[in-house]
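Below are the chains, spelled out letter by letter.
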Amino acid sequence: MLDIIQIKKRLGDHLPQPLKQESGRRAAVAMLLRNTGKDTEVLLIRRAEHDEDPWSGDLGFPGGRIEDLDPSPRAAAERETLEEVGFRLSDKDYLGQSDDLAGAYLPIHISCFVYQVDSNTQFKLNGEVVDLFWVPLRTLLDPQRNQQLTFFYRGRDRIHPAINLREWSERPLWGITYRLLDNFLNLFDLSFTYQEQLRPGEYNATNNPSDQF
């Protein structure tokens, strides 16, 4: 399984690929990793539920829209991390950047920056985030957890790949955060796999019409 040394070396050698076409709004997120001695784990947050929030209750990374006052996308990711989970990232934490992605349905361009933090790092959540937890990368790559589920979005049912994280959250991991993680793992010749047949009734996001950006 990936360790932090491998990740730092690969990201250090990687030139992030820009999008061929800019996609509306810009956003930036921070992928936080830690080494427990046994596994490399990634931090996931659960966003608060609000009726007017298209990402209400979803799992994701700390992050959000790039503001005019942000000097760079990376600075925006670090500002949002401080605001949402109360942790100030610094140069010593920074590992590198993976490739940018565009939203599948919403016109948005997301940059993802990767950091390592200590295993005993303490967080303080603001009102935008209601929970956070660490998940081993090996768990995310477990084929038994990777499924295709139905999501009601923009007036019709759609089938999307998702990861069952039932021990941590009632919500699955899907949407742009799923894609950002898969994009990151592709740098190491790893990828999510999921069953071809939909499991009826596993999850229906009728009240959660989100692409997570």
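Since the structure is predicted, the reported quantities are computational estimates derived from the model, not experimental observations.

Rules used throughout
Here the residue index of a chain counts from 1 through its sequence in written order. Totals for whole chains, interfaces and linings use all residues, but because this is a predicted model, local features are given only for residues with pLDDT of at least 70 and pairs of side-chain atoms are given and counted only at 80 or more. Hydrogens are left out, water is left out, and the side-chain values use all remaining heavy atoms of the structure. Any two of the Phe, Tyr and Trp rings considered here, Trp counted by its six-membered ring, make a pair once their centres fall within 6.5 Å; the pair's planes then place it as stacked at under 30 degrees, edge-to-face at over 60, or tilted in between. Residue exposure (1.4 Å probe, protein chains only): buried if accessible area is under 20% of the type maximum, exposed if over 50%, otherwise partly exposed. By the criterion adopted, a ring carries a charge over it if an Arg CZ or a Lys NZ lies within 6 Å of its centre and within 35 degrees of its normal. Working definition: helices are DSSP H or I runs of at least four residues, strands are E runs of at least two. Numbering for both runs from the N terminus. When we speak of the arc, we mean the arc of directions from the helix axis to the C-beta atoms. In this analysis, two residues are considered to be in contact whenever any of their non-hydrogen atoms come within 4.5 Å of each other. In protein, a polar contact means a hydrogen-donor-capable atom and an acceptor-capable atom, both N or O and within 3.5 Å, with residues adjacent in sequence counting only if both atoms are side-chain atoms; elsewhere, any N or O pair within 3.5 Å suffices. For our purposes a nonpolar core is just a set of buried Ala, Val, Leu, Ile, Met, Phe, Trp, Tyr and Cys residues, chained together by side-chain atoms within 4.5 Å.

**Q** I'm lost on the packing of aromatic side chains in this one. Help?
**A** Ring pairs (aromatic) are described by centroid distance and by the angle formed between their planes. In this structure the tally under the stated criterion is six aromatic pairs. Ring geometry for F184 against F188: centres 5.3 Å apart, planes inclined by 65 degrees, an arrangement best described as edge-to-face. Comparing F184 with F188, the two get one shared label, buried. If you follow R74 out to its NZ or CZ, it ends over the ring of Y94, 3.7 Å from the centre.

**Q** Can you help me understand helix α1 (residues 4-13) in this one?
**A** Each α-helix winds once per 3.6 residues, and so residues spaced three or four apart point in a common direction. Among the residues of α1, those classed as buried are I4, I7 and L11. Down the axis, α1 shows its buried residues gathered within 60 degrees of arc, on one side only. What points out from α1, more than 90 degrees from its buried face, is the exposed set I5, K9, G12 and D13. In this structure, the buried side of α1 is in contact with β1 (25-35), β2 (40-47), β5 (94-97), β7 (108-116) and α4 (175-186). By the N-cap criterion, in which a side-chain oxygen at the helix start approaches the backbone nitrogen of a residue two or three places on, α1 is capped by D3, the distance to I5 being 3.2 Å.

**Q** Sorry, what's going on with the nonpolar core here?
**A** In a soluble, globular protein the nonpolar side chains are often hidden away together inside. M31, L33, F61, L140, L165 and F184 are the most contacted members of the largest nonpolar core, which totals 35 residues. For this core, the element with the highest residue contribution is α4, accounting for six residues. Formed by 16 residues, the second largest nonpolar core is a distinct cluster that contains A76, A77, V117 and W134.

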